[in-house]
Every structure is written in structure tokens, then in C-alpha cells.
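Each chain is listed here by its residues.
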Amino acid sequence: MRSPLRVGITGGIGSGKTTVCRLFAALGIPVYDADYWAKWLVEHDPHVREAVRTLLGDEAYDAEGRYNRSYVAQRVFSDPHLLHALNTIVHPAVERHSGNWHEQQRASGCPYTLKEAALLVESGNYRSLDALVVVTAPEAVRIQRVMQRDGLSEDAVRARMQRQMSDVEKIALADYVIVNDGHHALIPQVWKIHRALVKRYEDQKMQREPV
Ligand code: ATP
């Protein structure tokens, strides 16, 4: 069975990545939630745990061995070098884990898999993909959505946004853009990209298989 295409999907906080991924999943496309697996690896992968402990000290985990998220956030978000060092541990671990996951999807015969990650461009991990989808929405809409969803203040949402690249920079690297501003319908946009990716997969298959 041929390897499916590797497709990544990203966008700023509140752009609607997860919402869009649900639509792709409804079309039978396997979705890897990189933010979920990053948290899982920090908690469960012994190599990642050891590296995090070396970087941030024993307080990075509590007495029961659980990841001390608030302690780590307080350390790394006030020190860009420490944040970079933590990302240098976590992002490659997610890259390896998602690579293994992708290979496991081969047996299903799917034309492509989707990797959803907020920091796909910032981490540099987009470079190992066959295609990149960027979900975009106006800043004011994103702020409203996240305030409503997470019960955060506007300042808190803006602080999170500042740690991410702008939509303009991401769109410059995108193969496909989904506008999720609440006015443009999502389903036709997802369907168009799905058809294009299936065609790309089929065309590559034809090139490789002699008739
Ligand atoms: P994060 O980066 O914070 O994980 P995200 O990009 O995955 O966010 P979602 O969680 O999909 O974004 O969407 C943010 C919020 O906005 C959710 O509560 C979601 O239900 C809502 N939302 C997303 N798209 C739309 C839309 N087109 N119309 C109305 N609400 C939407």
C-alpha cells in the first residue's frame, strides 16, 4: 500500500482548525492532533520527561509524576530562551511520533493524513509535509471566539496571539487557505481541497505504477 500524502493544517488561535478538521474527519481522513500529543508525550515519554527535567528542574513534575503545567508556563513564558529550549525538546518528539502515526495509516488506504498543529510553521515541522492548509479568520473574530470558548479576557487572548506568527506569514507558505470568518461556508472549501488532494494522490500513484 502506497504511503498517503502528508498534509498539515494550521492557523492562529481561534481560527477554527479543530472545527475544520472535524469536517475532514467526516470525509474519512485520519487527523493527528499535535497539540494533544505534545501534552501526552511530555507526560508519558521517558526521554522527553528526562530532557524536560534536565532543562527545568524536578519541579517540572509533581510528586505523583504529573507534568506541572502552570510551573512550566510561568518559567518559559517569561524567558524566550527557555521557551525555545523546551520547544527544541517537544517539537522533534512530536515530529517522530506523528511520522510513526502517519506510517500506521498506510494500511487504511487513505489518500492523505492531516496533522493539526497551532505552531506547525513556527516549529519548522511544516517542511516535512507534502501540502499545508492554513485556516484564517479576522483577529477580532478569533478573539471573540476564544474569549467565549475559554472564558479568557481579551488581553489574555492577545498575549497568546503574540506568541504565534501572523496569518500573513503563514498564508505565504500555504498550498490551500480556508477562510473561516463566519461568512464563507466551510463545507464547500473543505470539499474543494479534499478533491484536489485526492487527485494529487491519484496522479502520483499513476506516475509510479506502470499501466
Ligand atoms: P485553538 O488554536 O485555540 O485550539 P482552533 O483554531 O482549533 O483554536 P476551534 O477550536 O476550531 O479553533 O474554534 C474556536 C471556537 O470558535 C470554538 O468554540 C468553535 O466552536 C468556534 N468556531 C469555529 N469556527 C466557527 C464558525 N465558522 N462559526 C461559529 N463558531 C465557530
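Residues numbered from 1 in each chain as written. Predicted model: local features only at pLDDT ≥ 70, side-chain atom pairs only at ≥ 80, totals over all residues. Heavy atoms only, no water.

Participant: How would you sum up the overall build of the chain? Please name residues and give values.
Facilitator: For the chain, the count of helices and strands is nine helices and five strands. When the elements of the chain are put in sequence order from the N terminus, they spell out β-α-β-α-α-α-α-β-β-α-α-α-β-α. For 211 residues, the compact-globule formula gives about 17 Å, and the C-alpha radius of gyration of the chain, at 18 Å, lands near that figure. Dimensions along the principal axes, computed over C-alpha positions, put the chain at roughly 60 × 40 × 25 Å. Residues classed as buried in the chain amount to 42% of the 211 residues present. Summarising the internal contacts of the chain: among those between residues at least 6 apart in sequence, 73% fall at separations of at least 24. Element-wise, carbon and sulfur atoms account for 54% of the exposed surface of the chain, whose accessible area totals about 11,700 Å². Charge-centre separation for the chain: the mean point of 27 positive side chains lies 5 Å from the mean point of 26 negative side chains. (Helix = DSSP H or I, 4+ residues; strand = E, 2+ residues; numbered from the N terminus. Rg over C-alpha atoms; globule rule 2.2 N^0.38 Å. Buried < 20%, exposed > 50% of the residue type's maximum accessible area, 1.4 Å probe, protein only. Contact = heavy atoms within 4.5 Å. Areas by Shrake-Rupley, 256 points an atom, 1.4 Å probe, with all protein chains shown as cover. Lys, Arg positive; Asp, Glu negative; His and termini not counted. Charge placed at Lys NZ, Arg CZ, Asp CG, Glu CD.)

Participant: How would you sum up the domain arrangement of the chain? Please name residues and give values.
Facilitator: The domain architecture assigned to the chain consists of domain 1 (1-30 + 111-211) and domain 2 (36-109). With centres defined by C-alpha atoms, the gap from domain 1 to domain 2 works out at 22 Å. Summed over both sides, the interface of domain 1 with domain 2 buries roughly 1,300 Å², with 56% coming from carbon and sulfur. Counting every contact that joins domain 1 to domain 2 gives two salt bridges. With a closest N to O distance of 4.0 Å, Arg-6 and Glu-103 form a salt bridge. For the pair domain 1 and domain 2, the number of links is seven residue pairs in polar contact (both at pLDDT 80 or more). Counting residues per element, the ones that place at least two in the side of domain 1 that touches domain 2 are β1 (5-10) and β3 (112-116). In terms of residue count, β3 provides more of the side of domain 1 that touches domain 2 than any other element does, three residues in total. (Domains from an automatic or database assignment. Buried area = accessible area lost by both parts, 1.4 Å probe. Salt bridge = Lys/Arg side-chain N within 4 Å of Asp/Glu carboxyl O. Polar contact = N/O pair within 3.5 Å; in protein donor to acceptor, adjacent residues only side chain to side chain.)

Participant: So what's going on with the packing of aromatic side chains? Residues and values would help.
Facilitator: The full count for this structure, using the stated rule, is six aromatic pairs. With a centroid separation of 5.0 Å and 85° between ring planes, the pair formed by Tyr-36 and Trp-37 is classed as edge-to-face. Here Tyr-36 falls in the partly exposed class, since its relative accessible area comes to 44%. By relative accessible area, Trp-37 is classed as partly exposed at 24%. When the ring of Trp-37 is compared with that of Trp-40, the centres are 5.4 Å apart and the planes differ by 70°; the resulting orientation is edge-to-face. In this pair, Trp-37 and Trp-40 are both assigned in helix α2 (residues 34-44), three residues apart and thus about one turn of the helix distant. The residue whose ring lies beneath Arg-163 is Phe-77, and the NZ or CZ to ring-centre distance is 3.7 Å. (Phe/Tyr/Trp six-rings, centres within 6.5 Å; stacked < 30°, edge-to-face > 60°. Lys NZ or Arg CZ within 6 Å of the ring centre and 35° of its normal.)

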